[in-house]
Amino acid sequence: MAVKLSSLNKGLILDMPLKSRFEKVGDELVSNGDFSSYSGTIDDGIEDTFSGWELQEYSGDAKYYAVSDAPEGYSVALKYVQGAIPDETWQHRIYQDISYQLGKVYKVTFWVKSSGGGIIYVYDNPSTAELAETVYLTTEWQKYTFYFTASETSNRIYIDFRAKNDSYDKYITGISIK
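Residues numbered from 1 in each chain as written. Predicted model: local features only at pLDDT ≥ 70, side-chain atom pairs only at ≥ 80, totals over all residues. Heavy atoms only, no water.

**Quick notes on the sheet that holds strand β1 (residues 54-57)**
What counts here: When DSSP finds at least two bridges between two strands, those strands are taken to pair. Under the DSSP-based scheme used, a helix requires at least four consecutive residues in state H or I and a strand at least two consecutive residues in state E, with every element numbered from the N terminus. Convention adopted: a line fitted to C-alpha atoms gives each axis, helices being fitted over their contacting stretch, and angles between N-to-C directions are expressed from 0 to 180 degrees.
Ordered in space as β1-β4-β9-β6-β7, the five strands form an open sheet in which the pairing is antiparallel. Because the sheet does not close on itself, it has two edges, and the strands there are β1 and β7 (132-136). Within the sheet, the average angular offset between the axes of one strand and its neighbour, ignoring direction, is 20°. With four bridges joining them, β1 and strand β4 (residues 92-97) adopt antiparallel strand pairing. Bridging from a neighbouring strand, L55 pairs with I94 of β4.

**With respect to the environment of S176**
Stated precisely, the cut-off is as follows: Pairs of residues are marked as contacts when any of their non-hydrogen atoms sit within 4.5 Å.
Relative to the helices and strands, S176 resides in strand β10 (residues 170-177). Those residues in contact with S176, other than ones at most four positions away along the chain, are E28, V30, K107, V108 and T109.

**Some points on the sheet that holds strand β3 (residues 77-81)**
What the five strands build is an open sheet, ordered β2-β3-β10-β5-β8; its pairing is antiparallel. The strands lining the two open edges of the sheet, one partner per strand, are β2 (63-67) and β8 (142-149). Taken pair by pair, the neighbouring strands of this sheet meet at an average axis angle of 30°, ignoring direction.

**As for the pattern of salt bridges**
The condition that has to hold: Criterion for a salt bridge: a side-chain nitrogen of Lys or Arg within 4 Å of a carboxyl oxygen of Asp or Glu.
Scanning all chains against the criterion turns up three salt bridges. The partner of K113 in a salt bridge is D69, with the nearest N and O atoms 2.9 Å apart. Of this pair, K113 sits in strand β5 (residues 105-114) while D69 sits in the loop between β2 and β3; the two residues are 44 residues apart in sequence, bridging distant segments of the chain. A salt bridge links D169 to K79, with the shortest nitrogen-to-oxygen separation between them at 3.7 Å. Taken together, the residues D169 in the loop between β9 (156-160) and β10 and K79 in strand β3 connect sequence positions 90 residues apart.

**A word on the confidence of the model for the protein**
Put simply, the rule reads: Along the chain, pLDDT gives the predictor's confidence residue by residue, from 0 to 100.
Looking at the protein as a whole, the pLDDT averages 82, with 78% of positions reaching at least 70. Put simply, helix α1 (residues 5-8) is where the protein has its lowest mean pLDDT, 41, and β10 is where it has its highest, 97. Note that residues 3-23 has pLDDT below 50 and, in this model, nine contacts with residues that lie over four places away or in other chains.

**Notes on the nonpolar core**
Basically, it comes down to this: Joining through side-chain atoms within 4.5 Å is the link that ties buried Ala, Val, Leu, Ile, Met, Phe, Trp, Tyr and Cys residues into a set, and such a set is a nonpolar core. Relative accessibility thresholds used throughout: buried, under 20% of the residue-type maximum; exposed, over 50%; partly exposed, between the two (1.4 Å probe, protein chains only).
In terms of nonpolar packing, the biggest core is built from 32 residues, with F110, I120 and I172 touching the most fellow members. Listing elements by their share of this core, those giving two or more residues are β2, β3, β5, β6 (119-123), β8, β9 and β10. Here this core takes four residues from β5, the largest share from any one element. Y65, A77, W141 and Y171 belong to the second largest nonpolar core, which has six residues in total.

**Details of the packing of aromatic side chains**
Two numbers describe a pair of aromatic rings. These are the distance of the centres and the angle of the planes. Stated precisely, the cut-off is as follows: Ring pairs are drawn from Phe, Tyr and Trp, using the six-membered ring of Trp, whenever the two centres fall within 6.5 Å, and their geometry is named by plane angle: stacked under 30 degrees, edge-to-face over 60, tilted for the rest. Should the NZ of a Lys or the CZ of an Arg lie within 6 Å of a ring centre and within 35 degrees of the ring normal, that charge is described as sitting over the ring.
A complete count under the given rule lists 14 aromatic pairs for this structure. Considering the side-chain rings of Y64 and F161, the 6.1 Å spacing of their centres and the 50° angle between planes classify their relative orientation as tilted. Placement of Y64 in strand β2 and of F161 in the loop between β9 and β10 is noted, with a sequence separation of 97 residues between them. On the accessibility criterion, F161 (1% relative accessible area) is buried. Judged by centre distance (6.0 Å) and plane angle (35°), the rings of Y106 and F148 are tilted. Here the residue Y106 occupies a position in strand β5, and F148 occupies one in strand β8, the gap between them amounting to 42 residues. Residue class for Y106 comes out buried when judged on its relative accessible area of 3%. The buried category is assigned to F148, whose relative accessible area is 4%. In this structure an aromatic cluster arises from ring pairing among F35, Y38, F50 and W53. Sitting over the face of the ring of Y171, K113 holds its NZ or CZ atom 5.1 Å from the ring centroid.

As structure tokens, then:
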């Protein structure tokens, strides 16, 4: 009995539906997550701004630079440099408004390193965070991935450099939310 080739294609692995909620990847929600759109000249030591990102410092003397020290696959990273030690109201962070869909699971990825250690915090809302991750930094580029479910208060992505207890330079690039 001869088998038609067209009948072999039905029901094979390529036609299988995805079952895990983590396997489906949506559209990119972060604008300029690779920090390639910035003011100024890379590696010039002059403070830069980055398209799509708000740069905040509540006290102290934080500076943000575009640098070429980036992991493989990226040409630019944001470099955070702490100046004066912040006081008790310190908060140095970058953020971007994000339009999340209520109840949807999102995958957050980024690359980060430090000149000597320290931490950063990644969250979606400062007061009622669904995404709330503490990242302990190393001196080598590391890729981090987190999943979280958006709530009605999810409205941004924050990268908080929390510089009060360390004075290390911190580098980040490749921020993605899908």
